[in-house]
Structures are given as structure tokens and as C-alpha cells.
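Here are the chains, one letter per residue:
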Amino acid sequence: MSIVDIHTHVYPPSYMEILRSRTNVPYVRTFPPDPIPRLLVLPGEDGPTSTSTSRGRPIGPEYYSIEHKIAFMDAHEIDISVISLANPWLDIVEPSEAAQRACEINDEMNSMCLQYPGRLFMFGALPLKGTLEETVLEIKRLRGLSCVRGVVMGTGGLGNGLDDQKLDAVYAALQEEELTVFLHPHYGLPAEVYGPRAAEYGHVLPLALGFPLETTIGVSRMILSGVFDRHPTLSILLAHSGGTLPFLAGRLESCIAHDLHLAAGPVRRNIWDVLAKNILLDAVIYSSVGLKAAVAVAGADRVLFGTDHPFFPPMNPGGQGWLSVTMNYDAVSAAFGDSAEAKGILGGNAVKLLRLEL
């Protein structure tokens, strides 16, 4: 049995240069007297102190060194990783530079993967801030890169969300090239929903609640706008086990069925059909309860193991075992033991669905 990690990030060196050159979030810099560089990546992280965890996080080579990625994989018995650029991807580049940056970063990451044949594959980044034509051309170019198995996208799309009709050309190209979309959150919810004491709670509320709800809303908008009706074989891999979608799918379907406005429009595919045929879920949920829900809606053959490395590192400096990883291993074991379903989630599903040559 092979272990495959499909949710694992890298900021390649050229992207690190972009982060170090910036003066507003996202950026990397030191805050004296602390000599350790900090990564501020989430909206609202640029707070008044450098000691709060809500103002970024320490950043080291685990974020950008492919050798550190391999060492992490070896330490946690991971055979294959499908790496992707971490959020906010290319949303931060100037529109005039987007296409060139995408080409350079995707080529750089493909070269990183080729250093370890058979162990590393990738989801490419798209120049969504550029023109629609540039994005479609990059999708077609990505299909020719040997290590590419899909693309990573945020919920912003071209700027107006995933139900933007202009994205149809992007979805059509992705469907035609048979590239899976790894959909990952970044922008979360408006800061005011966390209340005036939010800074006391570090990153907990935005990451635990904001990210999953952002994903849920983004995919729901895709369903409501008929994206999966127009692109019936489009494949979407949802981060963090689909957010709250497994739990709320029935409520969403009921609301659709009872809405007079929608009843007057075109007939849409049932949400359960979309979940069974178009949606893949990662297993980055940290509990057997959430994992069982993911399997219940997507099927045991459409849930894939992930670690979210290098985020959620050990709290003790120099720690080798990552609790964030072992919690996901433990969830698979608690839910499915040593069954065929467990082996599929841990690696077999990814090998088959993402065409990973062993």
C-alpha cells in the first residue's frame, strides 16, 4: 500500500521573492526584536503586535525547500505528494504579469517534482488575474507538463466568485484537458463575524470556521448556477473535506427544492448526484466523525488523504512528529481500520483518480 498526500503546499523560491518584496498582506518580514521571519498570509493578520499568533507565523525552509518536503514525507511514511502553491496563489500579482508569473512558477514547481521522479506530482497555478485567454492557454500548456495532475484555485475565481459566467471558458478547458481542480479557501468570512475579541483567539476562528464555510458557499454557488450541468465531467477536489458541505448537503437540496424562484428556472442536477460524480474530498478533517461524513456523501473511493503541510507544525521546536498529520492518520484508522476503504483513502484512490505512476 502506498501513502499519498494530495493536500501539501510549497512556496517555491520565486514566489518567496514576491512575498519578501511586498509591504501589505500577504508578505514575509521580521519584526524586531524577533529575528525569525514571519509569514502574514491571511486577510486581517497585520495586527498591532508581533507576538500574537494572529499576526502571521514563523516561516522556515519547510515552506519553500523541496528537500524539506521529502524529509517530512520520509518521517511520516508518505510515498507520494501532490504539491500545490499555497494561498493566495497568483491572486496577488499584477494583471499584466499574471501569465508570465504562472508560467515561471509552474515550470519551477514541475522541475522540483522531477528531482524526485515518482514521489512528487503537482497542481498548477492559474493566472486568473490576467485575461481569460491567458488562463485558458495556461491550462492547455499545463496538460503538457509531466508532473501536473490538476490545478489549484481559490474561491474568488476571476474576482466575482465561482459562479461567474465568465469562468465557463476556464471550466470547459479544465474538463477538456481532464485536469482536476483542487479548490482551496483563503479569504474566509468578514472579520466582524468573529467579534471584538477575535485577536484573543489567534487563528482559530478563521481557520476552523472561516475556511470551511468559504468552501461550502463557493461550491454551493457553483451548484446553484448550473456549473456542473454545463460541465458534467468537471472534477473538483475540495479542501478540508468539503467544509460543511457533507453535513449541510441535505439542507441545501431541500432549500433548492422548495424555492419558487429556482423552480421557475432550468432543472438542475440533484446535489447528491454532483457529490457522487464531480466532487472529490480530501481527508484533512482530523476526526473519524468528519471523515465518515465525507465518505457518506462522496463515497469511500472519492476521499483522499492529506496533511496540509507545512501549516499546523509541531508546537515544540524541532518536533519530528506532526500532530496535524497523525490526527488524520488516526481518523482513517478509527473510522475504517485496516480495510480496503482505509487503503483507498490513504493512497489507492489518489493513484487511480489522479493518474499517479508508481
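This text gives an overview of the structure that appears in the document. Counting restarts for each chain, with residues numbered from 1 along the sequence as it is written. Whole-chain, interface and lining totals are the exception, using all residues; otherwise, since this is a predicted model, local features are given only for residues with pLDDT of at least 70 and side-chain atom pairs are given and counted only at 80 or more. Side-chain metrics in this entry use all non-hydrogen atoms of the structure; hydrogen atoms and water are not considered.

**Structural notes on the pattern of salt bridges**
Part 1: Throughout this description, the term salt bridge denotes a Lys or Arg side-chain nitrogen within 4 Å of a carboxyl oxygen of Asp or Glu. According to the stated counting rule, one finds twelve salt bridges in the structure shown.
Part 2: Where Asp74 meets Arg119, a salt bridge forms, and the shortest distance between an N and an O atom there is 2.8 Å. Taken as a pair, Asp74 in helix H2 (residues 66-75) and Arg119 in the loop between helix H3 (98-114) and strand S6 (120-125) lie far apart in primary sequence, 45 residues in all.
Part 3: Between Asp273 and Arg269 there is a salt bridge; the shortest N-O distance is 2.9 Å.
Part 4: Buried means the residue's accessible area, taken with a 1.4 Å probe over protein chains only, is under 20% of the maximum for its type, while exposed means over 50%, and partly exposed covers the values in between. Residue classification places Asp273 among the partly exposed residues on the basis of a relative accessible area of 24%.
Part 5: When salt bridges with common partners are traced through the structure, they connect Asp107, Glu138 and Arg141 into a single cluster. Runs of E in the DSSP output that reach at least two residues are strands. Runs of H or I that reach at least four are helices, and both are numbered from the N terminus.

**Topic: the nonpolar core**
Part 1: Throughout this description, the term nonpolar core refers to a set of buried Ala, Val, Leu, Ile, Met, Phe, Trp, Tyr and Cys residues connected via side-chain atoms within 4.5 Å. Grouped together as the largest cluster of nonpolar side chains are 105 residues, with contacts concentrated most on Tyr11, Tyr15, Leu39, Leu85, Ile236, Ile279 and Val303.
Part 2: The leading source of residues in this core is H3, at six residues.

**What about the environment of Ala296?**
Part 1: Checked against the element boundaries, Ala296 lands in helix H11 (residues 288-298).
Part 2: The exposed category is assigned to Ala296, whose relative accessible area is 67%.
Part 3: Along the primary structure Ala296 and Thr30 are separated by 266 residues, whereas in three dimensions their C-alpha atoms are 45 Å apart.

**With respect to the packing of helix H1 (residues 13-21) against H3**
Part 1: The contact between H1 and H3 brings their axes to 8 Å, and the two run at 135°. When the interaxial angle is binned, H1 and H3 end up oblique. The residues of H3 that touch H1, namely those facing Pro13, Ser14, Tyr15 and Ile18, are Arg101, Ile105 and Glu108.
Part 2: For this scheme, ten residues count as nonpolar: Ala, Val, Leu, Ile, Met, Phe, Trp, Tyr, Cys and Pro. Four count as charged, namely Asp, Glu, Lys and Arg, and the remainder, Gly too, count as polar. Of the residues assigned to the contact of H1 with H3, the class counts are four nonpolar, one polar and two charged. With axes taken as lines fitted to C-alpha atoms, and helix axes fitted only over the stretch in contact, angles between N-to-C directions fall between 0 and 180 degrees. When an angle is under 35 degrees it counts as roughly parallel; over 145 it counts as roughly antiparallel; between 65 and 115 it counts as roughly perpendicular; any other value is oblique. Note on definitions: a residue-residue contact is assigned when non-hydrogen atoms from the two residues lie within 4.5 Å.

**Digging into the packing of aromatic side chains**
Part 1: Pairing of aromatic rings covers Phe, Tyr and Trp, the last through its six-membered ring, and needs centres within 6.5 Å; plane angles under 30 degrees mean stacked, over 60 mean edge-to-face, and all others mean tilted. A complete count under the given rule lists seven aromatic pairs for this structure.
Part 2: Plain terms: the ring middles of Tyr63 and Phe311 are 5.5 Å apart, the flat faces sit at 85° to each other, and that makes the pair edge-to-face. Taken together, the residues Tyr63 in the loop between strand S4 (57-58) and H2 and Phe311 in the loop between strand S11 (303-304) and helix H12 (323-336) connect sequence positions 248 residues apart.
Part 3: Within the aromatic cluster, the residues linked to one another by ring pairs are Tyr11, Tyr15, Tyr63 and Phe311.
Part 4: Two conditions define a charge sitting above a ring: the NZ of Lys or the CZ of Arg must be within 6 Å of the ring centre, and it must be within 35 degrees of the ring normal. Sitting above the plane of the Tyr64 ring, Arg20 keeps its charged end 5.8 Å from the centroid.
Part 5: It is Arg29 that lies over the ring of Tyr27; its NZ or CZ is 4.0 Å from the centre.

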